There are 2 protein chains.
Amino acid sequence: MSHPKTITVDEAVVNCCSPIGVGALSELEAGDMAQIFGALSDPARLRMLSLIASEDEVCSCALEEPLGKSQPTISHHTRILAEAGLITGEKRGRWMWWRVVPERLKVVARILSE
Amino acid sequence: MSHPKTITVDEAVVNCCSPIGVGALSELEAGDMAQIFGALSDPARLRMLSLIASEDEVCSCALEEPLGKSQPTISHHTRILAEAGLITGEKRGRWMWWRVVPERLKVVARILSE
DNA sequence: TCATACTATTGACAACAGTCAATGTATTCA
DNA sequence: TGAATACATTGACTGTTGTCAATAGTATGA
């Protein structure tokens, strides 16, 4: 989960989500948060995320076998994690390389730890 | 989200869930985590949780109106949050009183912040 | 005991999500 | 240019989920 390269993180990725224990959530904010947690609510995606987080960078092609899912399914899941801002991908040559966005994980952790 | 009363928390609630960035998750662990995140993946439940977390204790009857959902739907959602270990309920008289389980929220936060 | 009030359960339905085979797109290399 | 490779998209199918009306359960108070 270390991060040698400096990558720019979209502001919206970090400027998000007030903690849960301080006043009622707006419907809008609740919807945004629900999208993030929804991305984390599938076992395959959680294992995928943990695989990516354990390396510095992981190729899509390296996920198929350990997860035991078809290529389209892998593609589907990476997309959902990416749309939630939890991972980010870069295409280099034929390969798609994924890495986690630690800032985003911290945002989510902060939601819950007050 | 403060907690005047001492409540005993089931061990399994706290002894759970290794961080995401350290080695691949087992299928079993991924399933457990997915259940928790699944409970957090609905806007109504997130607003519900934030309402409960903002008070010390909240009656089921006090959730219907702010969430704009029917009584059976409220009951459905409290059950899912409770099964995920995120809230705990106590029946007193005719009323069901809910409070958050801060230890559980911290567990989830720890999954992501390592 | 009867009526009232709060919650849980059941059943039904529409919307959504996970999965894969088939196909399309883009990149590399001969 | 053509073949091979990695990934994305589409379409179809199945299973799950959010929702509520209707009903059942349980506690209170007259």
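Below is a summary of the structure that appears in this document. One numbering rule holds for all chains: residues counted from 1, following each sequence as written. To read the labels, note that chains go from A and ligands from 1, taken in the order they are written. Selection of residues for local features in this predicted model requires a pLDDT of at least 70, selection of side-chain atom pairs for listing and counting requires 80 or more, and totals for whole chains, interfaces and linings are taken over all residues. Working from all heavy atoms in the structure, the side-chain values ignore hydrogens and water.

Two aromatic rings, drawn from Phe, Tyr or Trp (for Trp, its six-membered ring), form a pair once their centres lie within 6.5 Å of each other, and the interplanar angle then sorts them: stacked below 30 degrees, edge-to-face above 60, tilted otherwise. Scanning all chains against the criterion turns up one aromatic pair over all chains. Each ring, one from A:Phe37 and one from B:Phe37, has its centre 6.1 Å from the other, and the planes form 20°; the classification is stacked. You can see A:Phe37 sitting in helix H2 (residues 27–39) and its partner B:Phe37 sitting in helix H2 (residues 27–39), one on each of two chains. Assessed through its relative accessible area of 0%, A:Phe37 is described here as buried. In this description a helix means any DSSP run of H or I spanning at least four residues, a strand means any run of E spanning at least two, and both kinds are numbered starting from the N terminus. Each residue is placed in one exposure class: buried if its accessible area under a 1.4 Å probe, protein chains only, is under 20% of its type's maximum, exposed if it is over 50%, and partly exposed if it falls in between.

With that settled, the discussion passes to the interface of chain A and chain B. Much of the literature gives interface size as the accessible area that the parts lose upon coming together. Residues count as neighbours in contact if any of their non-hydrogen atoms are within 4.5 Å of one another. With 32 residues of chain A at the interface, the matching set in chain B holds 32 residues. Here the buried area means the combined drop in accessible surface, using a 1.4 Å probe, for two parts upon being joined, counting both sides. Summed over both sides, the interface between chain A and chain B buries roughly 2500 Å², with carbon and sulfur atoms accounting for 76% of that surface. Counted as salt bridges are all cases of a side-chain nitrogen of Lys or Arg within 4 Å of a carboxyl oxygen of Asp or Glu. In this structure, the connection of chain A to chain B is made through one salt bridge. Of the charged contacts in the structure, one is a salt bridge between A:Glu27 and B:Arg47, with a shortest N-O distance of 4.0 Å. Nitrogen and oxygen atoms within 3.5 Å of one another constitute a polar contact, given that in protein one can donate a hydrogen and the other can accept it, and given that sequence-neighbouring residues count only through two side-chain atoms. At the junction of chain A and chain B, the tally comes to four residue pairs in polar contact (both at pLDDT 80 or more). Elements supplying a minimum of two residues to the side of chain A that touches chain B: H2, helix H3 (43–54) and helix H6 (102–112) of chain A. When residues of the side of chain A that touches chain B are assigned to their parent elements, the largest contribution, eight residues, is made by H3(A).

This part is about helix H3 (residues 43–54) of chain B. Residue and element names in this part refer to chain B. Relative to the 16 Å expected for twelve residues at 1.5 Å per residue, H3 spans 16 Å between its end C-alpha atoms, a close match to the ideal helical length. Within H3 the residues assigned to the buried category are Ala44, Arg45, Leu46, Arg47, Met48, Leu49, Ser50, Leu51, Ile52 and Ala53. Where H3 begins, the side chain of aspartate 42 points an oxygen toward the backbone nitrogen of alanine 44, at a separation of 3.0 Å. Here the expected span of a helix is defined as 1.5 Å times the quantity of residues minus one.

Turning next to the relation of the copies chain A and chain B. Copies are brought into register by a least-squares superposition over C-alpha atoms of residues with pLDDT of at least 70 in both. Each copy of the sequence occupies a distinct position, and chain A is placed on chain B by a rotation of 180° and an axial shift of 0.0 Å, giving an RMSD of 0.1 Å. Both copies of the chain, as the preceding transformation shows, are related through a two-fold rotation axis. Identified as the residue of chain A closest to the rotation axis by C-alpha distance is A:Ala109, at 2.1 Å.

Quick look at the environment of B:Ile36 now. All names here are of chain B. For isoleucine 36, the location among the structural elements is in helix H2. Classification of isoleucine 36 by relative accessible area gives buried; the value is 2%. Note: C-alpha distance between isoleucine 36 and alanine 82 (46 residues apart in sequence) is 9.9 Å. When neighbours within four sequence positions are excluded, isoleucine 36 is seen to be in contact with Cys16, Cys17, Ala84, Leu86, Arg104 and Val108.

Residues and elements named next belong to chain A. Any two cysteine sulfur atoms within 2.5 Å of one another count as a disulfide. Using the criterion set out here, one finds four disulfides over all chains in the structure. Each sulfur in the disulfide pair cysteine 16 and cysteine 17 lies 2.0 Å from the other. An S-S torsion of about -40° defines the bridge between cysteine 16 and cysteine 17 as left-handed. The pair formed by cysteine 16 and cysteine 17 is uniform in burial state, with each residue classed as buried.

This part takes up the protein's contact with DNA strand C. Close to DNA strand C lie 21 residues, the nearest being A:Arg45, A:Lys69, A:Thr73, A:His77 and B:Gln71. Within 4 Å of the protein, the atoms of DNA strand C are drawn from sugar and phosphate moieties in a proportion of 64%. The contact in question runs from a phosphate oxygen of DNA strand C to an N or O atom on the side chain of A:Arg45, over 2.8 Å. In this structure, a base nitrogen belonging to DNA strand C sits 2.7 Å away from a side-chain N or O atom of B:Gln71. Those elements giving two or more residues to the surface near DNA strand C turn out to be helix H5 (71–83) of chain A together with helix H5 (71–83) and strand E3 (95–100) of chain B. Among the elements that line the surface near DNA strand C, the one with the most residues is H5(A), at five residues. Asp, Glu, Lys and Arg are counted as charged, while Ala, Val, Leu, Ile, Met, Phe, Trp, Tyr, Cys and Pro are counted as nonpolar; the rest, among them Gly, fall into the polar class. Among the residues making up the surface near DNA strand C, the classes are represented as seven nonpolar, eight polar and six charged. Definition of nearness: a residue and a molecule or strand are near each other if at least one heavy atom of the residue lies within 4 Å of the molecule or strand.

Here the focus is the environment of A:Cys16. Position of A:Cys16 relative to the elements: it lies in the loop between helix H1 (11–14) and H2. Between the C-alpha atoms of A:Cys16 and A:Lys106, which are 90 residues apart in sequence, the distance is 11 Å.

Geometric descriptors of this kind do not, in isolation, establish any biological role.
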